[in-house]
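Here is how the chains run, residue by residue.
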Amino acid sequence: MRFSAPLIALLATSANALSLYGGAEKAIIAGDDELDVPGENPLKFCEADRTKDHIIIDSVILTPNPPEAGKVLKIAASGDVKHEIEEGAYVNLSVKYGYIRLINTKADLCEEIKNVDLECPIKKGPIAIIKEVELPKEIPPGKYTVLADVYTKDGEHITCLTAAVTFGAKSALGNFNIDL
Ligand SMILES: *[C@@H]1O[C@H](CO)[C@@H](O)[C@H](O)[C@H]1NC(C)=O
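As annotated in an unreviewed UniProt entry, the protein chain carries the name Phosphatidylglycerol/phosphatidylinositol transfer protein and comes from Rhypophila decipiens. What UniProt states about the protein chain under its Subunit (unreviewed entry) heading is, verbatim, "Monomer." UniProt annotates the protein chain under Function (unreviewed entry) with the comment "Catalyzes the intermembrane transfer of phosphatidylglycerol and phosphatidylinositol."

Rendered as structure tokens:
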């Protein structure tokens, strides 16, 4: 598939961010959009009820927010691991480009998190990570929707996050801006 190289980079970024930083907030904040992930980011929780999730997210800060093609994306995240995360945990990942489903796959969480310098088992307790990722210039412009649903090997819910990110036409076509 023509888009696969940049997408894989995008995916790696998203997967890393999503699989790790997702989780439940400690409490639902009345008045705010209860699905918004705290911090500067385009992320949302999939579900309002996250009380059984194994990771609680406190904050995710992306710089720049939203991410831009051809720029370094800095990710800073913190959370709380409620139950040790062991080998066998997996992430069901889907990526859509507009309405087109590009990726629908099951990935090994413990493999994925090596990209952010973590390894399984992830001990119970507070967790914080900082990572810089170079986003390729060639990401085809358009809207990408990522969904990452994360489970333990026994099917217990770790977290679920989703994000919609639009990359502009100018990154792919020099400085031309195109109305899409
Ligand atoms: C995750 O994806 C796999 C393979 O597509 C599927 O068999 C499984 O039911 C999914 N798990 C959940 C909890 O949705």
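*Asks:* Requested: an account of the sheet that holds strand S4 (residues 90–97), with residues and values cited.
*Replies:* Taken together, five strands build an open sheet; the order of strands is S1-S8-S7-S4-S5 and the sheet is antiparallel. Strand pairing shows two members of the sheet lacking a second neighbour, strand S1 (43–45) and strand S5 (100–108), which therefore form its edges. Geometrically, the sheet is characterised by an average inter-axis angle of 15 degrees between neighbouring strands, direction not taken into account. Judged from the eight bridges that link them, S4 and strand S7 (residues 142–151) form a sheet pairing that is antiparallel. Paired with Lys96 across the bridge in S7 is Thr145.

Parameters at a glance
- Numbers given to residues run from 1 along each chain, matching the order in which its sequence is written.
- Local features in this predicted model are restricted to residues whose pLDDT is 70 or higher, and side-chain atom pairs enter the listing and the counts only when it is 80 or higher, whereas totals over whole chains, interfaces and linings include all residues.
- Think of the side-chain values as coming from all heavy atoms in the structure, minus any hydrogens and water.
- UniProt positions are given in the numbering used here, feature names are shortened, and annotations may be inferred rather than shown by experiment.
- By this definition, two strands are paired if DSSP reports at least two bridges between them.
- Working definition: helices are DSSP H or I runs of at least four residues, strands are E runs of at least two. Numbering for both runs from the N terminus.
- Angles here are taken between N-to-C directions and fall from 0 to 180 degrees, while the axes themselves are lines fitted to C-alpha atoms, restricted in helices to the stretch in contact.

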